[in-house]
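Overview (structure and organization)
Okay, here's what each chain looks like letter by letter:
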Amino acid sequence: MEIAIKVFQFILSISILVILHELGHFLPAKWFKTKVDKFFLFFDPYFSIFAMKKINGKWRYQFLSKNQPTEEEVEVDGKKVLKPIDVSVLPESDWRRHEGVKYGIGWLPFGGYVKIAGMVDESMDTEMLKQPAKPWEFRAKPAWQRLIIMLGGVTVNFFLAWIIFGSLSFFNGETSFDTAKVNAPMNYTNIAKAMGFKDGDKILKVDGKTQNNLDKLALDVLLSDEITVVRDGKEVTFPTSDDGKALAFRDENPRAFLTPRFPAVIDSIFNTTTEHAGLKVGDQVVGVDGKKITYYDEFQEIVRSSAGKNINVDVLRNGTTTPLALTVSKEGTLGLASYKQMKKFYETKHFTFGQSIGRGFTRSIESLTYQVKQFKLIFNKKVKGYEKVGGPLAIINKMQVDKAKDGSLSIDWTWFWSFTAMFSVWLAFLNLIPIPGLDGGHVIFTLYEMIVGKPVPQKILENAQMVGVIFLLGLMLLIFGNDIFKMITGGF
C-alpha cells in the first residue's frame, strides 16, 4: 500500500508539471496560428494508452492504439526516400485523414511533448524541412514568436512554483529550527571535520551570508566554497574541502554531518528494562563510566559503542547526582529519547496574502539557486555528485507517506506540494540548459537568428539536434543505470 501511494504521488506530480509545461508551448503556438499535431502526457513509442481527437465536430477516442506512420518509403530516381503519406486516399475512419490536434497519454512516464509542425525536435522528422515552409509551420513564424513558444514551458514552470510556494507560505506558514537560539556549538561528525570544521566552532557565515535555518544551513555548507566561524575566540574563514563533501554525498543522509547540541535531558523512555533500572523522565545524564557528559550526542555515541554491555550512568535529579546501572541492547540502544526540549528552538512564521506573493517568488529563486549549485557538484571530480543522480525509481522511493498511530497511510500534501514546486523549478532549469533537444537549445539558435539577422543553417540544426538527442539518451541511461544498480544492491 505504501509503495502504491508513493507511485501515485510521483505520477500525479509529474502529470501536473508536464501538462502545464506543454501548455506553455501549446497555447502560444495556437495564439500565433501555428499548427500543432499532437499533445501528449508521457511518451508513446509504438503505442499509446489513450488518445482522442475532434473529427467532424465530434470527439473520437482510442485505447491502447498502435501509432500510425505519417510517412511512407518511396523510390525516387532509384533511391528510397521518405515522403509524407497522401492522407486523401486514407479511409474516412483513419484519424490521419482529418486535421486537428491528437491528445493522448503515453505509457512511458518520463515527460511529455507537443508536436509542432515545421519544428525539428527529438523525433528527428526532417523530411518536411526539404519542402518550402508553409504559413502555419513553426519555421515560418517570426523569430520573436518562435522564442515565445519555446520559452512558454519554462515560464509556466516558474510561475507554477511561485504560486505553490506562495500558497504554502500563506496557508501553512513556514516552520524552521532557529540555530540563533542555540547557545551551544554544533555537533560536527567526522564528515564535517573532513570539510574543515573543528569541535567548538560556532558558524557565523556561509559564503559570506548568515543562515539561521538549520535545514538550509546544512545544505548551504554542503554547497559552499568557504565558511566563517568563531574558533577559540577568533574569527576564522576556511575553504570547504571537497573531500568532506564527497564523504557527505556517500552518506545515507548527506545533511546529517551538522546537528545542534543540547543537554542530555531524558524526556521519553520506551524500554521497560531501562525504566526498571531507575531512569526517570526529567533526568539529566552528566556522566557515563566516569566520563563527563555535557551534550546528548556524547551520550548517544557512548551508548552506540557499548552494544550488549552494561554501563554506569550518573544522572542529575532534583539537584542530586544519582548513579544507575543500565543495560545497552545488542542494537546499541537504551530505548529512550531527548527531543521535546528541541521544540523551543522551532518557530513558525506566518504571512499575509500580500507577503506570501513576495515570499513565493523568493522561495522559487532560492530553490533555483540551490538547483544550480547542486548541478555543479555533479561534475566535481572529487565529490562525484553524478553517483547520487536518481531517476523515477529514486524519486518514488523518496516520496513521503504519513503513517497514523493506527497504521493507516495517507499522503503528506504539504510535502507533496513542496516537492512539486521544487521539481517545477528543477524542470525549468534543466530545460533552459543550452543543449540541442531541450528548450534551451532552441532558444540559443533563435537568439542567434535575432542577433545576426539570419537563421542557423538547416544542416547545423539537424546535426546539433542529433548530438543533443544522443547526449540526452546517454544521460537517461546513466540515471536509469544508477536506479537499477541501487535497486539491485539495496542502495535505496
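It should be noted that the structure appears before, not after, this text.
Keep in mind the model is a prediction, meaning the values are calculated, not measured.

Some points on the overall build of the chain
When its secondary structure is counted, the chain shows 12 helices and 22 strands. Once the C-alpha set of the chain is aligned to its principal axes, its extents read approximately 100 × 50 × 50 Å. Burial status across the chain gives 43% buried among its 492 residues. Contacts spanning at least 24 positions in sequence make up 67% of the contacts within the chain whose residues lie at least 6 apart. Summing over all exposed atoms, the chain offers an accessible surface of approximately 27,400 Å²; the carbon and sulfur share of this is 60%. Side-chain charges of the chain comprise 60 positive and 52 negative groups, with the mean position of each set lying 2 Å from the other.

Focus: the pattern of salt bridges
Under the criterion given, the structure shown has 21 salt bridges. Across the salt bridge formed by Glu 99 and Lys 35, the nearest N and O atoms sit 3.3 Å from each other. Linking Glu 99 in the loop between β5 (79-84) and β6 (102-105) with Lys 35 in the loop between α1 (2-31) and β1 (36-43), this pair joins segments that are 64 residues apart in sequence. Lys 35 sits in the partly exposed class, given a relative accessible area of 24%. Glu 366 is the salt-bridge partner of Lys 216, the closest N and O atoms lying 2.9 Å from each other. Highlighted residues: Lys 216 in helix α4 (residues 214-222) and Glu 366 in helix α8 (residues 353-378), separated in sequence by 150 residues. On the basis of relative accessible area, Lys 216 is assigned to the partly exposed category, the value being 22%.

Side note on unusual backbone geometry
A positive phi angle is found at Lys 33, which is not glycine, with a value near 55°. Inspection of the secondary structure assignment puts Lys 33 in the loop between α1 and β1. The backbone of Asp 207 sits at a positive phi, close to 55°, despite the residue not being glycine.

Some remarks on the nonpolar core
By size, the foremost hydrophobic cluster in this structure holds 51 residues, and its most contacted members are Phe 197, Ile 203, Val 221, Phe 257, Val 285 and Phe 299. It is α4 that contributes the most residues to this core, six residues altogether. Every residue in contact with Phe 197, bar those within four places of it in the chain, is listed here: Tyr 188, Ala 192, Ile 203, Val 221, Ile 227, Val 229, Arg 231 and Phe 238. Judged by nonpolar contacts, the second largest core, of 24 residues, contains Val 18, Phe 419, Ala 421 and Leu 438.

Describing the packing of aromatic side chains
By the definition in use, this model includes 28 aromatic pairs. Taking 5.8 Å as the distance between ring centres and 15° as the angle between the ring planes, the aromatic pair formed by Phe 40 and Tyr 113 counts as stacked. Of this pair, Phe 40 sits in strand β1 while Tyr 113 is found in strand β7 (residues 108-116), placing the two residues 73 residues apart along the sequence. When its relative accessible area of 12% is taken as the criterion, Tyr 113 is described as buried.

Quick word on the sheet that holds strand β17 (residues 310-317)
Strands belonging to one sheet form pairs held by backbone hydrogen bonds; the direction of such a pair is parallel or antiparallel. Strand order in the open sheet formed by four strands is β16-β15-β17-β18, and the pairing between neighbours is antiparallel. Only two strands of the sheet have a single partner each, and these edge strands are β16 (291-292) and β18 (320-327). Relative to β18, β17 runs antiparallel, the two sharing eight bridges. Of the residues in β18, the one forming a bridge with Val 315 is Thr 322. Its contacts with the sheet place helix α7 (residues 296-304) against β15 (284-288), β16 and β17, and it is angled at close to 50° to β15.

A few points about the environment of Ile 444
Looking at the secondary structure, you find Ile 444 in helix α11 (residues 439-452). The spacing of Ile 444 and Ser 410 is 34 residues in sequence and 44 Å in space, taken between C-alpha atoms.

Quick notes on the environment of Thr 369
Its place among the elements puts Thr 369 in helix α8. Relative accessible area serves as the criterion here: at 36%, Thr 369 is assigned to the partly exposed category. In this structure, the C-alpha to C-alpha distance between Thr 369 and Phe 429, residues 60 residues apart in sequence, is 9.8 Å.

Quick word on the side chain of Ser 224
By the secondary structure assignment, Ser 224 is in the loop between α4 and β11 (226-231). Apart from the residues within four sequence positions on either side, Ser 224 is in contact with Val 206, Asp 207, Thr 240 and Lys 245.

As for α4
Counting buried residues in α4 gives seven out of nine residues, a clear majority hidden from the surface. For α4, the complete set of buried residues consists of Leu 214, Leu 217, Ala 218, Leu 219, Asp 220, Val 221 and Leu 222. If you check the start of α4, you find a side-chain oxygen 3.1 Å away from the backbone N of Asp 215, and it comes from Asn 213.

Here we look at α8
The end-to-end C-alpha distance of α8, which contains 26 residues, comes to 38 Å, matching closely the 38 Å that a straight helix rising 1.5 Å per residue would cover. Listed as buried for α8 are Ser 356, Arg 359, Gly 360, Arg 363, Ser 364, Ser 367, Tyr 370, Gln 371, Leu 377 and Ile 378. Those residues of α8 that are buried are in contact with α2 (143-172), β8 (174-177), α4, α5 (242-250) and α10 (413-432).

Considering a nonpolar patch on the surface
There is a patch of nonpolar side chains on the surface, built from Tyr 46, Phe 47, Ile 49, Trp 59, Tyr 61, Phe 63, Leu 64, Ile 105 and Trp 107 and spanning about 1,000 Å² of accessible area. Where the nonpolar patch is concerned, the elements lending two or more residues are β2 (47-55) and β3 (58-66). Ranked by residues supplied to the nonpolar patch, first place goes to β3 with four residues. Counting through the fold element by element, Phe 63 comes out in strand β3.

Definitions and limits used
- Residues numbered from 1 in each chain as written.
- Predicted model: local features only at pLDDT ≥ 70, side-chain atom pairs only at ≥ 80, totals over all residues.
- Heavy atoms only, no water.
- Helix = DSSP H or I, 4+ residues; strand = E, 2+ residues; numbered from the N terminus.
- Buried < 20%, exposed > 50% of the residue type's maximum accessible area, 1.4 Å probe, protein only.
- Contact = heavy atoms within 4.5 Å.
- Areas by Shrake-Rupley, 256 points an atom, 1.4 Å probe, with all protein chains shown as cover.
- Lys, Arg positive; Asp, Glu negative; His and termini not counted.
- Charge placed at Lys NZ, Arg CZ, Asp CG, Glu CD.
- Salt bridge = Lys/Arg side-chain N within 4 Å of Asp/Glu carboxyl O.
- Core = buried A, V, L, I, M, F, W, Y, C linked by side-chain atoms within 4.5 Å.
- Phe/Tyr/Trp six-rings, centres within 6.5 Å; stacked < 30°, edge-to-face > 60°.
- Pairing = 2+ DSSP bridges.
- Axes fitted to C-alpha atoms, helices over the stretch in contact; angles between N-to-C directions.
- Polar contact = N/O pair within 3.5 Å; in protein donor to acceptor, adjacent residues only side chain to side chain.
- Expected span 1.5 Å × (residues − 1).
- Patch = residues over 30% accessible without salt bridge, like charges linked within 9 Å, V, L, I, M, F, W, Y side chains within 5 Å.

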